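# Observations on the three-dimensional arrangement
As a plain string of letters, each chain reads:
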Amino acid sequence: MNEPILTMQQVGRVHGDGHTAVTALAEVSLEVRPGELVAVTGRSGSGKSTLLNIAGGLDRPTSGSVAVDGVDLARHSTTQLAEVRRRRIGVVFQHGNLLPTLSAIENIALPLELDGVSPKQAKQAAVEALESVGGAAFAERFPDELSGGEQQRVAIARGLIGDRGLLLADEPTGALDEVTGERMLALLRAACDRGAAALLVTHDPAQAAWADRVVRLRDGVIGSVVENTATVESSATVAGRGDRP
Ligand code: ADP
Ligand code: MG
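Quick notes on the rules
Residues numbered from 1 in each chain as written. Chains lettered and ligands numbered in written order. Predicted model: local features only at pLDDT ≥ 70, side-chain atom pairs only at ≥ 80, totals over all residues. Heavy atoms only, no water. Helix = DSSP H or I, 4+ residues; strand = E, 2+ residues; numbered from the N terminus. Expected span 1.5 Å × (residues − 1). Buried < 20%, exposed > 50% of the residue type's maximum accessible area, 1.4 Å probe, protein only. Contact = heavy atoms within 4.5 Å. Near = heavy atom within 4 Å. Polar contact = N/O pair within 3.5 Å; in protein donor to acceptor, adjacent residues only side chain to side chain. Areas by Shrake-Rupley, 256 points an atom, 1.4 Å probe, with all protein chains shown as cover. Pairing = 2+ DSSP bridges. Axes fitted to C-alpha atoms, helices over the stretch in contact; angles between N-to-C directions.

Before going further, it helps to examine helix 5 (residues 148–160). Across its 13 residues, helix 5 extends 18 Å between first and last C-alpha, which sits within 8% of the 18 Å expected from 1.5 Å per residue. With eleven of 13 residues buried, helix 5 is to be regarded as a mostly interior element. For helix 5, the set of buried residues is Gly149, Glu150, Gln152, Arg153, Val154, Ala155, Ile156, Ala157, Arg158, Gly159 and Leu160. At its buried positions, helix 5 is contacted by strand 6 (89–92), helix 3 (104–114), helix 4 (119–132), strand 7 (166–170) and helix 6 (178–193). Where helix 5 terminates, the next one or two residues include glycine 162, which has phi positive at roughly 90°.

Pasting the structure below:
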């Protein structure tokens, strides 16, 4: 029941080879269980996006293994991997990555429709998801008619829709003001409290305070892991977690 949703074992990722080889990740081991929100921090270039892409099956490790729901992603065919990504993994990219030819509401409904949910049900769920991020007013607009922050809210709604088991968010609130950013974090936290496992890349200590654990990457290696225990939580109260709805 409480088996990890995400298991990374000794994961390494080297880009290129020979003299130009860049080690983006080295021997990263990490487990995220249902209900857990894990923050990933570290300087620019420390491997945070690489870690998230590999966890979501968008990139493959050059060493080690990644399992989702206990199944090694390397054992899946391309079709099976696409299905796991659709059904089980919700991703919020750093820059939104909305499809330009679809309206906000269509972008949000798309993952459900691809998964076989009826268009009517998918649209209903998308309307609710967009309302949860405060975006009802721009449902019919296209990405190029939305501000950066509005696009980011649509991307968050799309990433959180459908009760997926594994949520991956790469600096999802960079274009948002502090209050809206906090509201988005509360949604991610609520999804975890309902049983999802999540990785959140963030530079912001106030956001990391919403996490159960904070993993710090340094040059592709896990430098430290800090549990947000009860003691830490009291100091984190001001920063956010204690304020959660
Ligand atoms: P972060 O998200 O923490 O800023 P990244 O995961 O994007 O870090 O990058 C980690 C390291 O890997 C950096 O040194 C970066 O330059 C390198 N890197 C990332 N993607 C590639 C790529 N496609 N080709 C070569 N090097 C890459
Ligand atoms: Mg990055």
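Picking up where we left off.
With that out of the way, let us pick up the site of ligand 1. Near ligand 1 you find His15, Val22, Ala24, Arg43, Ser44, Gly45, Ser46, Gly47, Lys48, Ser49 and Thr50, and these make up its full shell. Here an oxygen atom of ligand 1 and a backbone polar atom of glycine 45 are 2.7 Å apart. Serine 49 places a side-chain nitrogen or oxygen 2.9 Å from an oxygen atom of ligand 1. Within the complex, the protein chains bury 57% of what would otherwise be the 560 Å² of accessible surface of ligand 1. For the shell around ligand 1, the elements supplying multiple residues, two or more each, are strand 2 (22–32) and helix 1 (48–55).

We now examine the side chain of asparagine 228. Along the polypeptide, asparagine 228 turns up in the loop between strand 10 (221–227) and helix 8 (230–236). In this structure asparagine 228 comes out as buried when scored by relative accessible area, which is 12%. In this structure the side chain of asparagine 228 is engaged in a polar contact, spanning 2.6 Å, whose partner is the backbone oxygen of alanine 211.

Let us look at the sheet that holds strand 5 (residues 71–72). Each strand in a sheet pairs with another by means of backbone hydrogen bonds, the pair being arranged parallel or else antiparallel. Taken together, the four strands give an open sheet; going across it, the order is 2-1-4-5, and neighbouring strands pair in antiparallel fashion. Unpaired on one side and paired on the other, strand 2 and strand 5 mark the two borders of the sheet. Pairing between strand 1 (residues 6–15) and strand 2: seven bridges, direction antiparallel. Across the sheet, the residue bridging to valine 14 is threonine 23, located in strand 2. Packing of helix 1 onto the sheet brings it into contact with strand 1, strand 2 and strand 4 (63–68), and relative to strand 1 it is tilted by some 125°.

If you walk across this open sheet you meet the six strands as 6-7-8-3-9-10, and the pairing is mixed. Both edges of this open sheet fall to strand 6 and strand 10, since each of them pairs with a single strand only. Each strand axis lies, on average, 15° off the axis of its neighbour in the sheet, ignoring direction. Bridge count for strand 9 (residues 213–218) against strand 10 is six bridges, and the pairing is antiparallel. Within the sheet, the bridge partner assigned to arginine 218 lies in strand 10 and is valine 221. Relative to strand 6, helix 2 (residues 78–88) is tilted by about 75°, and along the sheet it contacts strand 6 and strand 7. In the packing of helix 6 onto the sheet, the strands contacted are strand 3 (37–41), strand 7 and strand 8 (197–201), and the crossing angle to strand 8 comes to about 155°.

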